[in-house]
Amino acid sequence: MLFNSSRFLIFFHIVVFLYYLLPKKARNLWLLVASYYFYMCWNAKYALLILTSTVVTYLSGLLIEKADTDKKKKVVVAASLVINLGILCFFKYTNYLLSILIYVFGKVGIALTVPEFDILLPVGISFYTFQALSYTMDVYRKDIYAEKNFFRYALFVSFFPQLVAGPIERSKNLLKQLVPDKHFDFEKARDGIFLMLWGYFLKVVLADRIAIFVDTIYREYDYYSGYYLILATILFAVQIYCDFAGYSTIAMGAAEILGIGLIDNFEAPYLSISVADFWRRWHISLTSWFKDYLYIPLGGSRKGKFRKYVNKMIVFLVSGLWHGASTSFVIWGGLNGLYQVIGEICMPARDKLVSAIHLNRDSFAHKLLRGLGTFILVDFAWIFFRAGTTAEAMSVVSSIISADNPWILFDGSIYDCGLDRKNYWVMIFGIIILTLADIAKRRGIVVRKVIIRQDYWFRCLVIIVSVMAILVYGVWGSSYDAANFIYFQF
Amino acid sequence: MKETIKRVIGVLCLLIILLTCIYRVDWLLARKESDNRYASFFSDETDIDVLLLGASHIRHGIFPMELWRDYGITSYNIAGNGSTIPVSYWVLVNALDYKMPKVVVMDVFDIWPNRVCSNMWGQVQDQFDAFPLSVNKYRMVKDLFNDKELTDGEGVSIYDRRWELLFNMGAYHTRWKDLLEEDFYSKSEFAEMSGVWKGAAPLGGVVERQKHVYDPLAEYEPDKLATTYLLKIIDLCKERGIELLLLNTGFDCGDESKTFHDSVYEIADEHGITYIDLTQKEYLFNFETDLSDTGENTHVNYSGAMKFTKYLGSELRKEFSLEDHRGDLAYSKWKEDYDKYVESKHDYLKKQKDLKNYLSFLYDKDYKVIIEVQNPEVLSSDVMALLDNMGIQAKEGENLFCADLNTKEADSFSVNWKESFSVDTLVGELGYFGNREGEFGFYRNGEEIFVKRPDEDKSWIRVITYSNYSEDIIDVREFDGESIEKGDEE
């Protein structure tokens, strides 16, 4: 059940309506039932995996609290990690690991014949596994008490707005909000509606429209060369942002209507002035998860510069692997780690250069230059994310480097790549709106709060125009294939 | 409390405005083909005598306004291109929500054997779009399109698209970039326009029949799906006290369809229903002049439709006691619509660029024609056949023809265009005289019509069409060698 489907809209209205209609004691149970139904719409059998993860981490929490020695606690944490990561690895990485084995053995002359397992990747497994594991570790670290109420805990793991594509919530934030004492809050509901509208705009008007262009180019990357690929790669950066941020914003809005606040997963990431800055603002819930549960336990920056660089590389390589069982994802993660390590190593030289040529670090021009540089680096890495294989990514890179057809940007050729002229300009207009919204966000202006402060007629106008824009300019219905969210595959 | 009431009112107002906007935009973006055909069926409150059901053979073959002119029978042609018998059943169910005809004429032509609907989804939309949202429309969607495997000709799942018949914004919202002037017309304007032809539409083109040779060894079971729904139509008509007349227009259809058509004899017999198998009444049509080039030359063109309508009218008069409403003041709207229909027929005639099409559209009781042949090359066997169809038996050397299409009387003359002459014809005295400037003038009954003779190079044939009622000139058309061979309907 996709957020951008009529089925979800019907489902969500029923959930909200009954949620506030039911007695307070029954509300969490209702949300739990709804969440499992939501998940089972993809694959009913895989609900057992969430249940397993839920039971294991729930019991781990209780056992950790009961354990009287640190050793016992560690055993419980280890067991929880092994079971949860074991499930994740089996479903996500079995075929990938086998292909690596075959490759390695093939290199030394041993031909392995291993059947490929027909494993269907459970939707959102990486998200809920990480969310459940964070609970085990938070209890171990005594950041929170173990949850006694199983149903409440099960809702924490399976809360439908963020179940399949995040944000990866922490027990410290979400679990404590799952208390059945909420009244309908008009302000929150209104806020949630504005968030959902913005999310739908990002997803159906922008991401899915850009996807038509990007998919056309990348599907035949050896036919569309040079500047086609440059343009498609730039637009893919916008597409994946709108797609993922769109999902996260709809999730935030849906949760807000139910009276629950989720963390904001994106903070205008393409306005970042360094790759490290970008990663503080992109998929914030995952970055902070890796920071808290991998980077810091590995020693973070406490054990010297070299270890810090190694730790960073480990985190980003694992992050790449988390996104997908493919070498190209690992390269994508590795590139992002490498940018930061090289950036830090070169920092003294960069500082010297800046002072030597008297650059004003606070000037708009300097920030613009850094912002562009950051975008180019991040976007270059996206090639490995978007391409199906490493070989395909290398072909794209090669074609981009040898680009010699700039005229296609001016002679109308780009309008023959899935998006006609009018749709192309709707896309450009949408990107301008997104950029303005991100600039406002970076300046601390929450646009929806500004709108809410306006008169009733203006608020109505914004809602009506937004709904109509989504309905008219959105990529939905039979004219288009139902567009999945990119991050569902993770 | 006061604040709550204020908010509830505010939200309700917003919802009303929003829904109104959606409704208006939905109409603006919708494809209007269906309304162009059927809108007046829903807006005109007077009941009708006959409802015509079936596929394109009926839609292009029977003109309700001709039934009105000749018999005073009120009818509506609600047949749709590609409509199967199951689709026709649901058209009838839905149509009976708005009109209660005395007779239903149903074509049993099995256009898509064993398929619930056409493989062109647009044809299904054109059939149902104009039907207002209702319980029966919902039942139609649920009943007809429950097969998840059913796809259209492009392999797109019909099951996935089925709800578009109820909420067509999903299908048409992409039309924002293709809006035309007619998209801004109101529903009532479409009701007015569709009232002229009342669902029917004439076809151009004149082609020869491609006679299908049936395989005597072919063995097919009669289409069970079509049989089921035909029985449902029979039951529904019985239940509502409506007379049913079955037709078969399936000339040169496939072997499988023919098996079904043959099986209808038994069904009709069993239920005491008149079944007219037109494929056994070939004498009704002239297969050299009456077929259009659509649907493998199986559709009747304008002249074929005139003959088909005339025959059906006589059968309806013979079989059922239908009142002649022509003098009835309660049916004054029909008189108004008829006048518009006559104008529309004239427009169709004027739009024809090709001589053969033009002669086909002249097959109409409304007309008297004078045909001047400047270049005898024009009188090919095809043109001679069309003249013959109009009652003109042209002999060698004859180059001036006059015909009254109402009485089917014709005169032929052999004249010398370079000299003045005068002849008495059934359309009056025609004279071609030199005037003072040395030019030739054309006179009918002493009244000068033209001051110039047609240019011999540019005009191989000139057709002057008069209205049989007003005696006004409707059109004067000259065809040269090129326009005789080329040029389609505009």
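Let me sum up the structure you'll find in this document. This one's a predicted model, so the numbers in the text were calculated from it and none came from an experiment. For every chain, the first residue of the written sequence is number 1, and numbering continues from 1 onward in sequence order. Chains carry letters from A onward and ligands carry numbers from 1 onward, assigned in written order. Local features in a predicted model are, by the rule used here, given only for residues with pLDDT of at least 70; side-chain atom pairs are given and counted only at 80 or more, and totals for whole chains, interfaces and linings are based on all residues. Heavy atoms throughout the structure, all of them, feed into the side-chain values; hydrogens and water do not.

1. Quick look at the packing of helix H13 (residues 327–345) of chain A against helix H15 (residues 364–386) of chain A
Relative placement of two packed helices is described by the angle separating their axes and the distance separating the axes. Residue and element names in this part refer to chain A. Worth spelling out the cut-off: Here, axes are lines fitted to C-alpha atoms. For helices the fit covers the stretch in contact, and angles between N-to-C directions go from 0 to 180 degrees. Runs of E in the DSSP output that reach at least two residues are strands. Runs of H or I that reach at least four are helices, and both are numbered from the N terminus. Working rule for angles: under 35 degrees goes down as roughly parallel, over 145 as roughly antiparallel, 65 to 115 as roughly perpendicular, anything else as oblique. Each crossing gets its hand from how the near helix is turned against the far one by less than a right angle, where anticlockwise is left-handed and clockwise is right-handed. Contact criterion: two residues are considered in contact whenever any of their non-hydrogen atoms come within 4.5 Å of each other. Lys, Arg, Asp and Glu make up the charged group, whereas Ala, Val, Leu, Ile, Met, Phe, Trp, Tyr, Cys and Pro make up the nonpolar group; the residues left over, Gly among them, are polar.
Running from N to C, H13 and H15 point in directions that differ by 165°, and their axes come no closer than 7 Å. In terms of their interaxial angle, H13 and H15 are classed as roughly antiparallel. Crossing handedness for the pair H13 and H15: right-handed. Side by side, H13 and H15 meet where Ser-328, Phe-329, Ile-331, Trp-332, Leu-335, Asn-336 and Tyr-339 of the first sit next to Leu-377, Val-378, Phe-380, Ala-381, Trp-382, Phe-384 and Phe-385 of the second. For the contact of H13 with H15, a count of residues per class yields twelve nonpolar, two polar and no charged.

2. A closer look at the packing of aromatic side chains
Residue and element names in this part refer to chain B. This is how the line gets drawn: Only rings of Phe, Tyr and Trp enter the pairing, Trp through its six-membered ring, and a pair is recorded when the two centres are within 6.5 Å. The plane angle decides the type: under 30 degrees is stacked, over 60 is edge-to-face, the rest tilted. A simple rule labels every residue: compare its accessible area, found with a 1.4 Å probe on the protein chains alone, to the largest value its type can have, and call it buried under 20%, exposed over 50%, or partly exposed in between. Criterion for a charge above a ring: Arg CZ or Lys NZ at most 6 Å from the ring centre, at most 35 degrees from the ring normal.
Evaluation of the coordinates by the stated rule reveals 85 aromatic pairs over all chains. Ring centres of Tyr-89 and Tyr-229 lie 5.7 Å apart, and the angle between their planes is 55°; on these two criteria the pair is classed as tilted. Remark: Tyr-229 occurs in helix H11 (residues 224–240) and Tyr-89 occurs in helix H5 (residues 85–95); sequence separation between them is 140 residues. For the pair formed by Tyr-89 and Tyr-229, the shared burial category is buried. A cation over an aromatic ring shows up here: Arg-209 above the ring of Phe-287, its NZ or CZ 4.4 Å from the ring centre.

3. Notes on the side chain of B:Thr279
Residue and element names in this part refer to chain B. So the rule is basically this: Under this definition, polar contacts are N or O atom pairs within 3.5 Å; protein pairs additionally need one hydrogen-donor-capable and one acceptor-capable atom, and for neighbouring residues in sequence, both atoms have to be side-chain atoms.
Positionally, Thr-279 belongs in the loop between strand E5 (274–277) and helix H13 (302–319). With a relative accessible area of 17%, Thr-279 lands in the buried category. A distance of 2.5 Å separates the side chain of Thr-279 from the side chain of Asp-277, its partner in a polar contact. When neighbours within four sequence positions are excluded, Thr-279 is seen to be in contact with Asn-248, Gly-250 and Phe-251.

4. Section: the nonpolar core
Across soluble globular proteins, nonpolar side chains have a tendency to be buried as a group. All names here are of chain A. Under the convention used in this document: For our purposes a nonpolar core is just a set of buried Ala, Val, Leu, Ile, Met, Phe, Trp, Tyr and Cys residues, chained together by side-chain atoms within 4.5 Å.
If you look at the biggest cluster of nonpolar residues, it comprises 151 residues, and the most contacted ones within it are Phe-8, Phe-213, Tyr-270 and Trp-382. Residue contributions to this core peak at 20 residues, all from helix H9 (residues 227–257). Setting aside its immediate chain neighbours within four residues, Phe-213 contacts Leu-231, Ala-232, Leu-235, Ile-414, Cys-417, Leu-419 and Tyr-424.

5. Side note on the sheet that holds strand E8 (residues 409–413) of chain B
Residues and elements named next belong to chain B. Stated precisely, the cut-off is as follows: For two strands to be treated as a pair, DSSP must find at least two bridges joining them.
What the five strands build is an open sheet, ordered E8-E7-E6-E13-E14; its pairing is antiparallel. Unpaired on one side and paired on the other, E8 and strand E14 (473–479) mark the two borders of the sheet. Going from strand to strand, the sheet's axes swing by 10° on average, the running direction of each strand aside. Bridge count between strand E6 (residues 367–373) and strand E13 (residues 461–467): seven bridges; the pairing is antiparallel. Bridging from a neighbouring strand, Ile-371 pairs with Val-463 of E13. Lying over the sheet, helix H14 (residues 332–351) contacts E6, E13 and E14, oriented at roughly 10° with respect to E14.

6. Focus: the environment of A:Tyr241
Residues and elements named next belong to chain A. Position of Tyr-241 among the secondary structure elements: in helix H9. Through-space distance from the C-alpha of Tyr-241 to that of Tyr-270 is 8.9 Å; in sequence the pair is 29 residues apart. When neighbours within four sequence positions are excluded, Tyr-241 is seen to be in contact with Gly-246, Phe-266, Ala-268, Pro-269, Tyr-270, Trp-282, Leu-434 and Asp-438. Here the side chain of Tyr-241 touches Asp-438 through a polar contact of 2.9 Å, side chain to side chain.

7. Observations concerning the side chain of B:Asn248
Residue and element names in this part refer to chain B. Assignment of secondary structure puts Asn-248 in strand E4 (residues 243–248). Engagement of the side chain of Asn-248 in a polar contact is seen with the side chain of His-261, the distance being 3.5 Å. Of the polar contacts made by the side chain of Asn-248, one reaches the side chain of Asp-277; its length is 2.9 Å.

8. Quick word on the interface of chain B and chain A
Interfaces are often sized by the accessible area lost when the parts come together. Note the cut-off: For any pair of parts, buried area is found by adding up, for both, the accessible area (1.4 Å probe) each one loses once the two are put together. By definition, a salt bridge exists where a carboxyl oxygen of Asp or Glu is found within 4 Å of a side-chain nitrogen of Lys or Arg.
Across the boundary between the two partners, chain B contributes 20 residues, which contact 22 residues of chain A. Between chain B and chain A, the buried area comes to about 1,800 Å², and carbon and sulfur atoms account for 70% of it. Area buried by chain B at its contact with chain A is led by B:Arg7, B:His173 and B:Trp176, which between them contribute 33% of it. The interface formed by chain B and chain A holds two salt bridges in total. Across the pair A:Glu187 and B:Arg7 runs a salt bridge, and its minimum N-O distance is 2.2 Å.

Geometric descriptors of this kind do not, in isolation, establish any biological role.
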